Amino acid sequence: MLDTSKTATRPTHAADDHPAIPPARVGILLANLGTPDNYDYWSMRRYLGEFLSDKRVIDYSPWIWQPLLQLIILTKRPFSSGAAYKSIWNEEASESPLMTITKDQTAKIKNAMHAKYGDQVMVDFCMRYGNPSTKSKVREMVEAGCQKILFFPLYPHYAGATSATANDQFFRALMEEKWQPTTRTVEPYFEHPKYIEALAQSIERAYGNLDTRPDILVCSYHGVPLRYLMEGDPYHCQCQKTTRLLKERLGWGDTEITTTFQSKFGPEEWLKPYTVEEVARLAEAGKKNIAVCAPAFSADCIETLEEINEEIKESFEEAGGESFIYVPCLNDDDAHIDALGTIIRENLRGWLD
């Protein structure tokens with residue numbers, strides 16, 4: 001947290017007992033999904049309980065859902081999810097890869113913003129679920145003198161279960177502030193030219209290191225129930241557009257790239273095709289060499305490092321696939337940081353530029 005004790009001053013002409021006020025700053029608060037504090041049973045149960053109790057994520061009636069969640073799902077799932085997290089855990093830093101990567105992204109963005117704006121800005125990150133909480137970081141920014149806050153959910157595509165719930169939590173935190181800062185939220189950046197360019201460069205680098213060119217690139221996006229699309233959520237259309245723009249930037253044909261959706265949960269029909277089924281179908285159809293990327297994720301996490309690299313890869317190989325290449329998320333790649341920095345600067349116009 002920024003120490004403002006030496007810079008806070010009383011307003012001119014204020015009484016001697018008026019509280020000191022820190023210099024006005026602009027806060028840039030990055031937000032990601034979240035992570036358990038550890039992979040033990042109780043850490044996983046706390047994290048999953050918060051995540052799966054969010055009505056933006058699971059919108060069933062709480063009279064039906066909460067007994068099922070508390071009595072069955074949270075009794076069993078922390079064990080399986082904990083094992084999955086353990087398989088990818090950053091033991092050296094004692095944290096999940098998502099936490100490590102988000103810290104690295106924040107550090108690079110902070111350096112870039114301070115190089116341009118100096119002490120006028122404060123850059124930090126929060127998580128929608130788990131720690132550091134959105135509420136705690138909003139409080140720190142207000143205490144540090146941030147009279148304006150730019151809130152940036154690190155989701156390229158809008159979905160009620162990602163961008164919207166992150167914004168909800170941000171607004172709830174603001175409700176508790178005596179002196180609310182002026183705020184802006186960053187819109188989805190799924191079609192931003194620099195984001196598409198960063199994606200394309202990551203694919204070109206990955207392909208350039210291979211002896212055999214993959215038969216097809218599978219763009220695997222996190223899924224949502226099909227019902228959400230029918231109810232007006234634009235996520236599906238934005239994912240399709242990202243794939244199309246990536247294909248056009250790479251100069252590829254329709255048969256060289258495809259869109260799928262992963263992480264299905266529950267009995268409902270979700271957006272199709274399901275990645276785990278489609279990679280098996282591709283293998284059976286003779287596409288023995290494939291690459292998979294995850295454009296909906298700004299940082300590698302459990303869904304990419306464990307689900308794609310293990311469960312989805314296994315489905316492909318069991319169906320006769322031979323070469324499975326996972327192209328990592330953009331993470332703290334310089335082109336990605338440049339894209340995020342550009343988006344931030346665009347959203348700061350009128351405040352600092």
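Whatever comes next refers back to the structure up there.
Described in the following lines is the structure provided in the data block. All values reported here derive from a predicted model rather than from experimental measurement. (Residues numbered from 1 in each chain as written. Predicted model: local features only at pLDDT ≥ 70, side-chain atom pairs only at ≥ 80, totals over all residues. Heavy atoms only, no water.)

1. Section: the sheet that holds strand β3 (residues 146-153)
Then, in step 1: Reading across from one edge, β2-β1-β3-β4 is the order of the four strands in this open sheet, with parallel pairing throughout. Where the open sheet ends on each side, the last strands, each with one partner, are β2 (121-130) and β4 (182-185). The sheet shows a mean angle of 25° between the axes of neighbouring strands, direction not considered.
Then, in step 2: Taken together, the four bridges between β3 and β4 define a ladder with parallel strand orientation. For F151, the partnering residue across the bridge sits in β4 and is T185.
Then, in step 3: On the sheet, helix α3 (residues 97-117) packs against β1 (25-35) and β2 and is oriented at approximately 160° with respect to β2. (Pairing = 2+ DSSP bridges. Helix = DSSP H or I, 4+ residues; strand = E, 2+ residues; numbered from the N terminus. Axes fitted to C-alpha atoms, helices over the stretch in contact; angles between N-to-C directions. Contact = heavy atoms within 4.5 Å.)

2. Side note on the nonpolar core
Then, in step 1: Counting 72 residues, the largest nonpolar core has F152, L217, Y235 and I344 as its most contacted members.
Then, in step 2: With eight residues, helix α6 (residues 193-208) is the single largest residue contributor to this core.
Then, in step 3: When sequence neighbours within four positions are dropped, the list of residues in contact with F152 reads L29, L30, A31, V186, Y189, L340, I343 and I344.
Then, in step 4: Membership of the second largest hydrophobic core comes to 34 residues, among which are I58, L74, A84 and I149. (Core = buried A, V, L, I, M, F, W, Y, C linked by side-chain atoms within 4.5 Å. Buried < 20%, exposed > 50% of the residue type's maximum accessible area, 1.4 Å probe, protein only.)

3. Here's the deal with a nonpolar patch on the surface
Then, in step 1: A cluster of nonpolar residues, L68, L71 and I72, forms a patch on the protein surface that exposes about 290 Å² of accessible area.
Then, in step 2: Relative to the helices and strands, L68 is located in helix α2 (residues 62-88). (Patch = residues over 30% accessible without salt bridge, like charges linked within 9 Å, V, L, I, M, F, W, Y side chains within 5 Å. Areas by Shrake-Rupley, 256 points an atom, 1.4 Å probe, with all protein chains shown as cover. Salt bridge = Lys/Arg side-chain N within 4 Å of Asp/Glu carboxyl O.)

4. Observations regarding helix α9 (residues 275-284)
Then, in step 1: Those residues of α9 not exposed but buried are T275, E278, V279, A280, L282 and A283.
Then, in step 2: Turning to α9, the residues buried within the fold contact β5 (216-222), β6 (257-262), β7 (289-293) and α10 (302-318).

5. Side note on unusual backbone geometry
Then, in step 1: Here the amide bond leading from N131 into P132 is cis, since omega sits at -5°, within 30 degrees of zero.
Then, in step 2: Take P132: it is sitting in the loop between β2 and α4 (134-143).
Then, in step 3: Following K272, the chain continues to P273 via a peptide bond in cis, the omega torsion being 0°.
Then, in step 4: Within the fold, P273 resides in the loop between β6 and α9.
Then, in step 5: Non-glycine residue S263 carries a positive phi angle of around 70°.
Then, in step 6: Classification of S263 as buried rests on a relative accessible area of 15%.
Then, in step 7: The phi dihedral of N331 is positive, around 50°, even though this residue is not glycine.
Then, in step 8: Among the secondary structure elements, N331 is positioned in the loop between β8 (323-326) and α11 (334-347).

6. Some thoughts on the environment of A294
Then, in step 1: Turning to its location among the elements, A294 is positioned in the loop between β7 and α10.
Then, in step 2: Considering only alpha carbons, one finds A294 and F261, 33 residues apart in sequence, at a separation of 9.6 Å.

7. Re the pairing of β6
Then, in step 1: By the criterion of burial, β6 is predominantly enclosed, with six of the six residues buried.
Then, in step 2: Burial along β6 is two-sided: I257, T259 and F261 and T258, T260 and Q262, pointing in opposite directions, are all buried.
Then, in step 3: Alignment of β5 against β6, held across six bridges, turns out to be parallel. From the neighbouring strand, L217 faces β6, where its bridge partner is I257.

8. Concerning α10
Then, in step 1: Of all bends in α10, the biggest is about 40°, found at I308.
Then, in step 2: Taken as a whole, α10 has its buried residues at I302, E303, T304, E306, E307, I308, I312, S315 and F316.
Then, in step 3: Buried positions along α10 lie against α2, β5, β6, α9, β7 and β8.
Then, in step 4: Backbone geometry just after α10 places G320 at a positive phi near 105°. (Bend = angle between axes of the 7 residues up to and from the residue.)

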